[in-house]
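Examining the three-dimensional arrangement
One-letter residues, chain by chain:
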Protein chains: 2
Amino acid sequence: MRTLKYAILGLINREPMTGYDITREFNSNNLANFWYAKHSQVYPELGRLMEEKLVTCEVVIQGEKLEKKLYSITPEGKAQLLEWLMKNEPLEATPKDVFRLRMYFSDFMTPEELKNQLSLQLEKHILKKKYLTDIMHENHHDQAPAITTPEFGDFMVLEGAIMREESYIAWIQNCLARCPEEEK
Amino acid sequence: MRTLKYAILGLINREPMTGYDITREFNSNNLANFWYAKHSQVYPELGRLMEEKLVTCEVVIQGEKLEKKLYSITPEGKAQLLEWLMKNEPLEATPKDVFRLRMYFSDFMTPEELKNQLSLQLEKHILKKKYLTDIMHENHHDQAPAITTPEFGDFMVLEGAIMREESYIAWIQNCLARCPEEEK
DNA sequence: GGAGCCATGTAACATGTTACATGATTAT
DNA sequence: ATAATCATGTAACATGTTACATGGCTCC
């Protein structure tokens with residue numbers, strides 16, 4: 001699959017970046033909602049991409065002597081990125097979800113503990129949704145940017161992340177509604 | 001984290017099972033929507049659980065001489081499972097999603113190819129939703145079973161999986177709606 | 001001068017996938 | 001008989017996390 005390879009190629013295709021920049025993107029408000037990696041994964045992968053001649057590297061001096069490696073995409077890199085973007089593969093395996101797994105075994109909890117677990121999770125997803133909508137206001141003022149700009153991709157996936165949270169929240173509320181009323 | 005450990009404990013807690021049974025559950029209509037593992041991961045984990053004395057194992061002969069290992073949960077296993085179910089941990093990292101990653105880089109595609117990619121994905125998620133709702137009709141007749149039964153967990157997570165597909169479908173339709181109209 | 005960030009890397013470990021390997025049972 | 005499924009395991013590899021390790025730059 002080598003998805004990390006294409007994630008890095010896609011970022012460098014937007015503009016030349018260092019490994020540090022790429023890692024920062026992977027922990028940003030946009031990308032982190034559907035892809036991420038630690039720097040310990042990024043640097044070795046950049047090495048592989050160099051070997052495969054999909055990126056080139058220029059050493060830049062920051063200040064007195066700090067060396068940064070600024071990576072750029074090659075024509076072959078662009079070609080492979082485009083090929084990957086055009087793919088039509090079967091649906092990926094469904095994402096793993098530890099909370100859903102715990103709910104699957106809910107009959108081993110008391111109804112009170114089940115309700116408590118659902119409420120705690122609900123709260124967290126409500127906060128996450130608020131966090132995402134705040135970013136949406138700040139970055140896009142809830143207006144879709146023009147297609148063919150990088151901002152369009154940012155906007156689409158952020159909107160998707162918000163919708164995902166809304167759906168999760170609605171699901172938990174459904175589950176809570178199905179739990180019996182407290183005995184007085 | 002050792003989530004696989006708890007997934008296996010949770011299953012064996014419902015009733016004694018073999019490694020083969022567990023693997024089958026991990027590829028079923030319920031569980032596979034939020035957790036799964038291959039048999040090559042299950043058998044070694046069962047070995048670890050034996051070492052930790054969280055499960056016991058009884059050899060059963062099937063037919064003439066086929067040996068099955070039927071695993072049961074121990075009191076200590078039950079205790080650890082319950083502890084895990086009661087946890088209140090921060091939200092997991094957001095699930096990775098290759099299609100969203102490709103959409104993030106959509107400005108590198110032509111608008112036509114972007115629409116094509118969105119349409120292909122839409123179709124797949126519509127099929128998946130139909131697949132899930134069919135199972136819902138068959139297994140539960142759209143009626144929530146009583147809380148405190150294992151079927152309640154099955155129902156909850158299946159409902160969640162359907163809602164997840166509905167949300168994904170709505171997102172893709174949003175994206176398509178934002179794409180410009182075809183020229184004449 | 002020190003805190004926090006910029007910048008790059010490696011090592012050990014945990015998790016997960018694909019392939020290799022073997023053999024019994026059941027239904028056609 | 002033979003194909004599909006039941007049943008259990010290991011090996012090699014890919015992916016991802018945590019910890020170790022080093023040093024420069026910028027702002028206070």
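Rules and cut-offs
Residues numbered from 1 in each chain as written. Chains lettered and ligands numbered in written order. Predicted model: local features only at pLDDT ≥ 70, side-chain atom pairs only at ≥ 80, totals over all residues. Heavy atoms only, no water. Domains from an automatic or database assignment. Contact = heavy atoms within 4.5 Å. Buried area = accessible area lost by both parts, 1.4 Å probe. Salt bridge = Lys/Arg side-chain N within 4 Å of Asp/Glu carboxyl O. Polar contact = N/O pair within 3.5 Å; in protein donor to acceptor, adjacent residues only side chain to side chain. Nonpolar A, V, L, I, M, F, W, Y, C, P; charged D, E, K, R; others polar. UniProt positions renumbered as here; feature names shortened; annotations may be inferred. Helix = DSSP H or I, 4+ residues; strand = E, 2+ residues; numbered from the N terminus. Near = heavy atom within 4 Å.

1. Topic: the domain arrangement of chain A
All names here are of chain A.
- Domain boundaries in chain A define domain 1 (3–85) and domain 2 (98–178).
- On a C-alpha basis, the centres of domain 1 and domain 2 stand 29 Å from each other.
- Between domain 1 and domain 2, the contact holds five residues from the first and eleven residues from the second.
- Surface buried jointly by domain 1 and domain 2 totals about 680 Å² across both partners, of which 45% is contributed by carbon and sulfur atoms.
- Ranking the residues of domain 1 by area buried against domain 2 places Asn-29, Asn-30 and Asn-33 at the top, with a combined share of 69%.
- Where domain 1 packs against domain 2, one counts one salt bridge.
- Scanning the region where domain 1 abuts domain 2 turns up four residue pairs in polar contact (both at pLDDT 80 or more).
- Looking at side-chain class alone, the side of domain 1 that touches domain 2 contains one nonpolar, three polar and one charged residues.

2. Quick word on the UniProt feature "domain: Transcription regulator PadR C-terminal" (unreviewed entry) in chain A
- The feature "domain: Transcription regulator PadR C-terminal" (unreviewed entry), as given by UniProt, occupies residues 96–178 of chain A in the numbering adopted here.
- Structurally, residues 96–178 of chain A is divided into 80% helix and 0% strand, and its ends, taken at the C-alpha atoms, are 24 Å apart.

3. Quick look at the protein's contact with DNA strand C
- In the vicinity of DNA strand C, 22 residues are found, and the nearest of them are His-39, Lys-68 and Lys-69 of chain A together with Ser-40 and Glu-64 of chain B.
- Sugar plus phosphate: this is where 66% of the atoms of DNA strand C within 4 Å of the protein reside.
- Between DNA strand C and Tyr-43 of chain A, the relevant distance is 3.1 Å, taken from a phosphate oxygen to a side-chain nitrogen or oxygen of the residue.
- Arg-2 of chain B places a polar main-chain atom, nitrogen or oxygen, 3.2 Å from a phosphate oxygen of DNA strand C.
- With four residues, strand β2 (residues 66–73) of chain A is the largest single contributor of residues to the surface near DNA strand C.

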